[in-house]
Amino acid sequence: MVQYDDFVIKFVGTSTDAEHRVFVDSPAGSAEGVFRSPIATRDLGRTLTSAHDAIRDGDTMRKVEADAPHDVPSDIGIQLFRALFAGDVKTRFDECLGMVAAGRTVLRIQIKLNLDNPAVAPLAALPWELLHYHEKRTNLSKGPYTVVARYLDVPHSSDLPAFVGPLRVLFVMADPHKDLNLAEERLRIERRLSSADVQIVHEWMEGATFSTLESRLLKHAYHIVHFMGHGGFDGSDGVLHLERDTPGQGAIPIRGKDLAELLQSRNGALRLVVLNACRTAGSEYRPDTDPYCGVAPALVMAGVPAVVAMQFPISDDGAIDFAERLYSQLADGEPIEEAVRAGRLVLQREWLTPVLFSRCDALAFPRTSASAL
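Residues numbered from 1 in each chain as written. Predicted model: local features only at pLDDT ≥ 70, side-chain atom pairs only at ≥ 80, totals over all residues. Heavy atoms only, no water.

*Asks:* Explanation requested: the overall build of the protein in the structure shown.
*Replies:* The secondary structure content of the protein amounts to 9 helices and 16 strands. The buried share among the 373 residues of the protein stands at 54%. Of the contacts made within the protein by residues no fewer than 6 positions apart, 75% connect residues no fewer than 24 positions apart. As presented, the protein carries roughly 15,200 Å² of accessible surface, and 47% of it is formed by carbon and sulfur atoms. (Helix = DSSP H or I, 4+ residues; strand = E, 2+ residues; numbered from the N terminus. Buried < 20%, exposed > 50% of the residue type's maximum accessible area, 1.4 Å probe, protein only. Contact = heavy atoms within 4.5 Å. Areas by Shrake-Rupley, 256 points an atom, 1.4 Å probe, with all protein chains shown as cover.)

*Asks:* Looking at this structure, how should I read the pairing of strand S7 (residues 146–152)?
*Replies:* Sheet faces and side chains relate simply in a regular strand, where the side chains alternate between the two faces. Burial analysis of S7 places 7 of its 7 residues in the buried class, which makes it a mostly covered element. Burial of S7 is two-sided: the residues Thr146, Val148, Arg150 and Leu152 facing one way and the residues Val147, Ala149 and Tyr151 facing the other way are all buried. In this sheet, S7 lies alongside strand S4 (residues 106–113) in parallel orientation, the contact comprising 7 bridges. Residue pairing for S7: Leu107 is matched across the bridge by Thr146. (Pairing = 2+ DSSP bridges.)

*Asks:* Before we go on, may I ask you to explain the confidence of the model for the protein in this structure?
*Replies:* Reading fine detail from the predicted coordinates is not recommended where pLDDT is low. Residues of the protein with pLDDT of at least 70 account for 86%, and the chain-wide mean is 85. A low-confidence stretch, residues 53–58 stays under pLDDT 50, and its non-local contacts, those more than four residues away or across chains, total 16 contacts. Confidence over residues 65–71 falls short of pLDDT 50; this stretch has 19 contacts with residues more than four positions distant or in other chains. (pLDDT = per-residue confidence, 0-100.)

*Asks:* It is not clear to me how empty space enclosed by the protein should be interpreted in this structure. Could you clarify?
*Replies:* A water-sized probe rolled over the atoms picks out the places where empty space is left. Tallying each qualifying case throughout the model produces 3 cavities of 30 Å³ or more. Considered as a void within the structure, the largest cavity measures approximately 70 Å³ in volume. If you trace the largest cavity, you find it lined by Val172, Leu213, Leu217, Val225, Phe227, Leu240, Leu242, Ile254, Leu259, Val273 and Leu275. For the second largest cavity, the full set of lining residues is Ser141, Val147, Val148, Glu337, Val340, Arg341, Arg344 and Leu356. (1 Å grid on protein atoms, 1.4 Å probe; cavity = no way out; pocket = protein on both sides within 12 Å on 5 of 7 lines; lining within 4 Å. Points joined across faces, edges and corners; volume = space filled by probe spheres on them.)

*Asks:* Even after reading the chapter, I still don't get the side chain of His223, so can you show me in this structure?
*Replies:* Assignment of secondary structure puts His223 in the loop between helix H5 (210–219) and strand S10 (224–228). Among the residues examined, His223 registers a relative accessible area of 8% and is labelled buried. Not counting residues up to four positions away in its chain, the partners in contact with His223 are Phe163, Val164, Pro166, Leu167, Arg168, Ala269, Leu270, Arg271, Leu272 and Phe365.

*Asks:* I tried to follow the sheet that holds strand S12 (residues 237–243) on my own but got confused; where do I start?
*Replies:* Pairing between sheet strands relies on hydrogen bonds along the backbone, with the strands arranged either parallel or antiparallel. Taken in spatial order, the 3 strands make up an open sheet running S11-S12-S13, and their pairing is antiparallel. If you trace the sheet from one side to the other, it starts and ends with strand S11 (230–234) and strand S13 (251–255), each paired once. With direction set aside, neighbouring strand axes in the sheet form an average angle of 45°. In the sheet, S11 pairs with S12 via 5 bridges, with the strands oriented antiparallel. Pairing of Gly232 across the sheet is with Val239, part of S12. Contacting S12 and S13, helix H6 (residues 256–264) runs over the sheet at an angle of about 70° to S13. (Axes fitted to C-alpha atoms, helices over the stretch in contact; angles between N-to-C directions.)

*Asks:* Looking at this structure, I do not really get the side chain of His20. What am I missing?
*Replies:* Of note, His20 is situated in strand S2 (residues 19–25). From its side chain, His20 meets the backbone oxygen of Ala119 in a polar contact 2.7 Å long. Excluding residues within four positions of it along the chain, His20 makes contact with Phe11, Val12, Gly13, Thr14, Gly33, Val34, Phe35, Ala119, Val120 and Leu123. (Polar contact = N/O pair within 3.5 Å; in protein donor to acceptor, adjacent residues only side chain to side chain.)

Written as C-alpha cells, this is what we have:
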C-alpha cells in the first residue's frame with residue numbers, strides 16, 4: 001500500500017483579495033510565503049469555463065446543463081505552481097521531493113482552506129489539480145511522487161473510529177432522463193469487486209428516488225455511498241438529480257445540504273462518498289453565495305471524511321472508466337488518494353475533472369484473505 005508524507009499548505013487572508021499569506025508544514029520543516037493568485041477573482045468564471053480540455057462533441061454528459069468547457073491555456077498550471085511554490089516554500093517542497101523519492105513514499109499536497117474566511121473562500125474555485133512543475137515536467141496530481149487533495153477546515157475531528165469490516169458499499173443509480181449507460185458502469189465495477197483483496201458487501205439501488213434513498217440511508221449503515229447519475233446546480237445550490245416516485249415524470253433535484261442531513265445520521269460508519277456526476281465538486285466563486293453550496297463541500301461540512309466529486313462536466317465514458325479504476329484500486333487496499341490518482345490516468349483529456357476532498361489520513365480499507373461478497 002502507498003505510504004504518504006504530508007506537505008500541508010494553509011492560506012490566511014490579508015487586507016487585499018489578491019494576496020494571501022501561506023504557511024507550510026512538511027517533513028523538511030516549516031516555511032512561510034505569500035501567494036498572489038495568477039487568476040483574478042473577477043476572471044474565475046471565464047477561466048474555469050476553459051480550465052478543462054474540450055470534451056468531444058456528442059458525448060453524453062453527466063449533467064443537465066448543455067454547456068461544455070473549452071481549451072485551457074497550457075500555462076495555467078505552471079503559473080499557479082510558480083505563484084504558490086516560491087522562496088522558502090519551494091525550497092521545502094524540493095527538499096521533500098528528494099526525501100520521498102529516496103524513501104519510496106508519496107508526497108501528499110494538502111491544500112487547506114477555511115471557506116468561512118471570506119478572504120480565503122475564493123481560493124476554493126482555483127483549479128489546484130492543474131498544478132504543474134514545469135522544470136520537472138510533472139503535474140502534481142498525476143506524478144509518481146505527488147498527489148493533490150483539498151482539505152476544508154471544518155469543525156470535525158480528523159480521527160476516525162477503528163474500521164470494522166466487511167466493507168459495505170451502497171451504489172445509488174438515478175437516470176431520470178434515460179440517457180446514461182449506468183448498466184455498463186455497474187458491470188465494470190462488479191468485475192473489479194469480484195477479485196477484491198478487501199471483503200466487500202455491496203448493494204445496488206436502481207431508479208433511486210428521494211424517498212427510497214432516505215429510507216435506505218436511515219435503516220442501514222454504509223462505509224461508502226456511490227452516486228452515479230446527473231448533477232449540476234439549481235440556482236445557487238449544488239444538486240443531484242434523482243428520479244420521481246412516479247416513473248417517467250422527469251428528475252427531482254436533491255440539494256447537497258439535504259443529502260448531508262441524511263448522511264449525518266450514519267457518520268460513525270461512513271468513510272467515503274463518491275459523486276460520479278458533473279459539477280458536484282463545487283461552484284464558481286461568488287461573494288453572495290454560501291461557499292458550501294456545492295454538493296461535495298456540503299458533505300464535508302456535515303462531517304463526511306472523504307468525498308470524490310467532479311468539478312466539470314464529465315462524459316459518460318469517462319465517468320465509467322474512472323469508476324472502474326477507482327474501485328480496482330480500493331479493492332486492492334490502496335488509499336483513496338492513490339485510487340483517485342490512478343483514475344486520472346485513464347481519463348486522458350478529462351483528467352482534471354475529479355477532485356478529492358479529505359479530512360483524514362490516507363483513507364483505505366484493510367486487505368483481508370476473504371473474497372468479495
